[in-house]
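Architecture at a glance
Below, each chain spelled out in residue letters.
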Amino acid sequence: MHAHALSRRALLRAASALAPSAALGLGTLAPAMTHAQAGLKWANLAPGFTTLLTDYMVAKGIDKANDLPLGKPTAYTSVTTYYNDFVAGNYDVCIGSWDTFASRHLSGVPLQYVCSVTTGNMINIVTQGKGPSAVQDLKGKTLAAPQSTGTYRMMRAVVKELAGIDLESYAVVQNVDNPAASVTLVMANRADAGLTWEPNVSVGLKRVPDMRVLYNAGEEYRRKVGLDLPYFGVAVRKEAIARDATLIARLNKAFAQCIDGITSKTDEAVTIAGANSGIPSDVLKTAIASKRLEFKHTSMQTDEGRRTIIAASEFLVRNGALAKTVDNGFFAL
């Protein structure tokens, strides 16, 4: 009798648990009712512009509108830890430089590239008003540059192929820890030029009125190659894709909407994310208005998107900045 009562109570509990699903016509296959991404995680890096994307998307509800339960991103201050945690699988969606993702993919990390979000217009060599007038004038001059970065290797490749100059043998490269230090040395007249990227370029231009851009990698590449030089983009872990085949399309749509909002309503976007970026609002606005910080969504689900990455990877391979060209497995389709 007691066993019968327990069995009956267990049956009633099970029926009660299933009742809401039955009432909604969902049956017993509850996992099928969602995109199974309850654990989807992402991150941003501060100081830096990635907070513009993450904070604007959350504040405007773009993630929720596209059924992406991203929520508040994990905040990082160390670039190395930021990338290493993504490689280790501690979060699913990462905003970073495409060539960093390419090199990780080639080494076997289970990730795929979803879309590009900025162009190589961000990467610049700056100088003082009385400094070199062209990149050819850097011969024998001091160039401050963060040599350990992929961005330095990308700029070196661009200058080598498009201008016929190997910066390391042509100029005296002074290694610095970060892109802000390059600008600082130029401001202090301790370097003739500095290799850096936005928003550090706009910071320098604000502080030193006669500072100017000597060479813009993205503009030169586009002028001579006829394609955008990709820079920052979005990668996602393969296990997240495996949980939901529609994830890639929804991520593309969300980032396209986010970038459209940032470029069409820049003041609002900077107000939303400026405090967390660690960058003065006027500097961010200047960087975006100048088209150096050029936000542009390019999906890898399009022929154009894949073509820009394949061409850029071939370019970097020719100049020793990437081990080999990416294959189709790199693209989130």
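Anyway, here's the lowdown on the structure attached to this text. (Residues numbered from 1 in each chain as written. Predicted model: local features only at pLDDT ≥ 70, side-chain atom pairs only at ≥ 80, totals over all residues. Heavy atoms only, no water.)

Before going further, it helps to examine the packing of helix H2 (residues 50–59) against helix H13 (residues 266–277). Two elements in contact, H2 and H13, have axes whose closest approach is 8 Å; the angle formed by their N-to-C orientations is 120°. On the basis of their axis angle, the class for H2 and H13 is oblique. The two elements H2 and H13 meet at a crossing, and its hand is right-handed. Counting all contacts with H2, which are made through Thr51, Leu52, Asp55, Tyr56 and Ala59, the residues of H13 involved are Glu268, Ala269, Val270, Ile272, Ala273, Asn276 and Ser277. Among the residues making up the contact of H2 with H13, the classes are represented as seven nonpolar, three polar and two charged. (Axes fitted to C-alpha atoms, helices over the stretch in contact; angles between N-to-C directions. Helix = DSSP H or I, 4+ residues; strand = E, 2+ residues; numbered from the N terminus. Parallel < 35°, antiparallel > 145°, perpendicular 65-115°, else oblique. Left-handed = near helix turned anticlockwise from the far one by under 90°. Contact = heavy atoms within 4.5 Å. Nonpolar A, V, L, I, M, F, W, Y, C, P; charged D, E, K, R; others polar.)

Here we come to helix H8 (residues 179–187). Residues of H8 that are buried: Pro179, Ser182, Val183, Leu185 and Val186. Projection of H8 onto a plane perpendicular to its axis shows the buried side chains occupying an angular sector of 160°, all on one side. Tucked into the core, H8 has its buried residues touching strand E5 (123–127), strand E6 (142–145), strand E7 (172–175), strand E8 (193–197) and helix H9 (200–207). Backbone nitrogen of Ala180 and a side-chain oxygen of the N-cap are separated by 3.1 Å at the start of H8; the cap is Asn178. (Buried < 20%, exposed > 50% of the residue type's maximum accessible area, 1.4 Å probe, protein only. Arc of directions from axis to C-beta. Polar contact = N/O pair within 3.5 Å; in protein donor to acceptor, adjacent residues only side chain to side chain.)

Scanning all chains against the criterion turns up one cavity of 30 Å³ or more. Considering only enclosed or pocket space, the largest cavity measures out at about 60 Å³ in volume. Counting only elements with at least two residues in the lining of the largest cavity, the list comes to strand E4 (111–118) and strand E11 (295–299). A per-class count over the lining of the largest cavity returns two nonpolar, five polar and two charged. (1 Å grid on protein atoms, 1.4 Å probe; cavity = no way out; pocket = protein on both sides within 12 Å on 5 of 7 lines; lining within 4 Å. Points joined across faces, edges and corners; volume = space filled by probe spheres on them.)

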